Amino acid sequence: MAEQKPKVTLIGRCLAEMGLEFVYEGDAQECKTCKLLKVCHNLQPGKKYQVVGIRKNTDQGCPVHLGGICAVEVIEAPVVTLIPADRAILNSRIHYESPCTRTDCRSYALCHPDGIIDGEKYMIARVLGNAPEICERGRTLKLVELRPVV
């Protein structure tokens, strides 16, 4: 698999820790007139990212983040999810489609994890095993770690 090239973005100073994983949700109303809008909001909403580097001496004031913001390097983070067992082939590429829409299911959070987007391409980086709960619809599911296709 090709190594991801880190992307530089800005996050709250108090959040800037190596290894931090977060789902980018988009900008706030206060961001609309900020001169740093394009650097601060250069990630894709709904995707999960991981901080892999913190740039020194990049602190800036910010009306949204207490303590200001700083520059960090991020990559798209892997996401753990459930997929049909017949698609859980190590190193294969898939277009992610959540296997179920039942919001009352015990496995709903694993079938619809934060940070993954339906229809996007991912690679199955690890097959972690069987689903922790039996599927209420009778499907055989596997727990996998997906990485974005770069």
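Residues numbered from 1 in each chain as written. Predicted model: local features only at pLDDT ≥ 70, side-chain atom pairs only at ≥ 80, totals over all residues. Heavy atoms only, no water.

Observations concerning the pairing of strand β4 (residues 69–76)
Stage number 1. Taking burial as the measure, the 8 residues of β4 include 7 buried ones, the bulk of the element.
Stage number 2. Sheet topology note: the strand β1 (residues 7–12)/β4 ladder contains 6 bridges and is antiparallel. Bridge pairing in β4 places Gly12 opposite Ile69.
Stage number 3. Looking at chain direction, strand β3 (residues 48–54) and β4 are connected through 5 bridges and run antiparallel. Bridged to Ile54 within β4 is Val72. (Buried < 20%, exposed > 50% of the residue type's maximum accessible area, 1.4 Å probe, protein only. Helix = DSSP H or I, 4+ residues; strand = E, 2+ residues; numbered from the N terminus. Pairing = 2+ DSSP bridges.)

Focus: the domain arrangement of the protein chain
Stage number 1. In terms of domain boundaries, the protein chain breaks down into domain 1 (7–76) and domain 2 (79–148).
Stage number 2. Both faces combined, the contact of domain 1 with domain 2 buries some 540 Å², and carbon together with sulfur accounts for 57% of it.
Stage number 3. On the domain 1 side of the contact with domain 2, Lys47, Lys48 and Glu76 bury the most area, a combined 61% of that side's loss.
Stage number 4. If you look at where domain 1 meets domain 2, you find 1 salt bridge.
Stage number 5. Residues Lys47 and Glu120 are paired through a salt bridge, measuring 3.0 Å at the closest nitrogen-oxygen approach.
Stage number 6. Connecting domain 1 to domain 2 are 3 residue pairs in polar contact (both at pLDDT 80 or more).
Stage number 7. In terms of residue class, the side of domain 1 that touches domain 2 is built from 2 nonpolar, 2 polar and 3 charged. (Domains from an automatic or database assignment. Buried area = accessible area lost by both parts, 1.4 Å probe. Salt bridge = Lys/Arg side-chain N within 4 Å of Asp/Glu carboxyl O. Polar contact = N/O pair within 3.5 Å; in protein donor to acceptor, adjacent residues only side chain to side chain. Nonpolar A, V, L, I, M, F, W, Y, C, P; charged D, E, K, R; others polar.)

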